[in-house]
Amino acid sequence: MLSCATLFEANTEPVTTANFSSLPLRTEELANIQSLGYLTMTPIQAQSLPTILEGKDLLAQAKTGSGKTAAFAIGLLHKLEITTYKVQAMILCPTRELADQVTNEIRRLARSISNTKIVTLCGGKSMAPQLASMEHQPHIIVGTPGRILKHMDKGSLKLNDLKILVLDEADRMLDMGFHEEIMRVIKMVPHKRQTLLFSATYPNEIKKISNAIQINPIDVRIESLHDDKKIRQIFYEIIPGERTKTLITLLRHYQPESSLVFCNTKQQCQDLASELRQQDFHALALHGDLEQRDRDQVLVQFSNKSCSILIATDVAARGLDIKELHAVINFELSPDPEIHIHRIGRTGRADKEGMALSIFIRSEKFRVEAIEKYKKSPVKINKLASLSIKKNIKFYPKMVTLCINAGRKDKMRAGDILGALTGNTELTGDQIGKIDIFDKLAYVAVEHAISRKALEVLSEGKIKGRMFKIRRLR
Ligand code: ADP
Ligand code: MG
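What you see is a predicted model, and the numbers here were worked out from it, not measured in a lab.

(A) Just the nonpolar core, in detail. Counting residues in hydrophobic clusters, the biggest one holds 41 residues, and the most contacted among them are Leu76, Leu77, Ile91, Ile106, Ile140, Val142 and Phe198. Elements represented by at least two residues in this core include exactly α2 (43-54), β1 (58-61), α3 (68-79), β2 (89-92), α4 (96-109), β4 (140-143), β5 (164-167) and β6 (194-199). Of all the elements, α3 adds the most residues to this core, at seven residues. Ignoring sequence-local partners within four residues, the contact set of Ile106 consists of Ala73, Leu77, Ile91, Ile118, Ile140 and Val142. In terms of nonpolar packing, the next biggest core, distinct from the first, is built from 29 residues, Leu59, Ile141, Leu159 and Ile209 among them.

The structure is reproduced here in structure tokens:
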């Protein structure tokens, strides 16, 4: 394996030193933030938290992974009147998955305040349990615009006391056509409120919606350009018809442990995934048409290291909190240079160096030039011939995912699965990877070498002494 470190210049990015203790937060809030391992503020937090705490409207743009969730979560939690059981803060998100991520982050940050009630309201789930959880109003609502409106219309969600409204991933909500729903929500919430708008990119529509729903917002933008310093970016010009072949060459040469491959359309994502799988690469496609369960399965496999190549469109990939991405590969260049910079900003996070590889044909050269113009510096274009192609390299991920047809609703816990696998068997804990529990399903990653044995053990009814259906995901 080619070590990434040898490829890079020293990381010269300035380190943030802004400390959370410079903010007017309570001691227990600060202690909890620190216990989460958040030692210094990220740039977007440092620049937006003072404004949020002062109660002003905010329009904030920073790339995915820059800590936007904690920025608004810390701010709104600080302002809650915990003894008042009324909805005081509401966060609109584009998808259920992002709403779940946001809810989890708020819960973690709320640990220092007892009795904080947070409810997630998203579509694709039945109304009855949601209605039950709304019988007593929570402090905080997180959800998708459509379902939130449904509750507002039914009267189960009362927003007369709303103080803070957050639009998270606003660009993606607009991409997904939520403009009208957002405007309907705005009409039904108190006029006197604080509105926070967070976005990864800054298209014109964002400015427009901000004008429509905010009052004199403070504008905070964290440029993503400086990222270039810790991302090794290389372009390859190829002849038409050789895209897939080139991608395979790049994968064989660089052997990234995990890579996100961008295509411009869903169809291209699917086609590429099946081509790669035919050639023995364990690649999975993520695109807008997937059912939520399939989408969960793709993300589970990618994050637990049983799939190393994720193929996605911009819309499908936006907002996902994917850690440790070794490479971003542009199978097709985006026509928009800002989106390109955003794509590649996903590798090389958290002071780890990353790699961005882009493929283009001559007629797309103007896209490369647009990127150069945008970042005000030339890019590096290498020859394919400079790559050494190691033939017959098998490119298997380290792990395999087993799916168990029982989840949180069946009281399945990670410990039950780990216990079944390692108790009274020759399997050891270090051969078992990440365990993910969903409402009705659970997933466990196990090392390749023991996958058959693990499947056998779990199928024998050793989890909680009950029989569950187990299958291996491919
Ligand atoms: P964004 O919404 O900007 O895409 P997230 O809010 O999902 O980013 O944050 C990305 C990751 O960074 C999360 O895993 C979060 O726990 C972590 N994080 C947030 N703030 C800090 C901090 N101050 N220090 C360290 N890690 C942080
Ligand atoms: Mg986010």
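(B) Quick look at the pairing of β6. Burial analysis of β6 places six of its six residues in the buried class, which makes it a mostly covered element. Along β6, one buried face is formed by Gln194, Leu196 and Phe198 and the opposite face, lined by Thr195, Leu197 and Ser199, is buried too. Direction of pairing for β1 relative to β6: parallel, over a ladder of four bridges. Paired with Gln61 across the two strands is Ser199, which belongs to β6. Pairing of β5 with β6 involves four bridges; the strand directions are parallel. Counted as the bridge partner of Leu167 is Leu197 from β6.

Reading the values: rules and limits
- Residues numbered from 1 in each chain as written.
- Chains lettered and ligands numbered in written order.
- Predicted model: local features only at pLDDT ≥ 70, side-chain atom pairs only at ≥ 80, totals over all residues.
- Heavy atoms only, no water.
- Core = buried A, V, L, I, M, F, W, Y, C linked by side-chain atoms within 4.5 Å.
- Buried < 20%, exposed > 50% of the residue type's maximum accessible area, 1.4 Å probe, protein only.
- Helix = DSSP H or I, 4+ residues; strand = E, 2+ residues; numbered from the N terminus.
- Contact = heavy atoms within 4.5 Å.
- Pairing = 2+ DSSP bridges.

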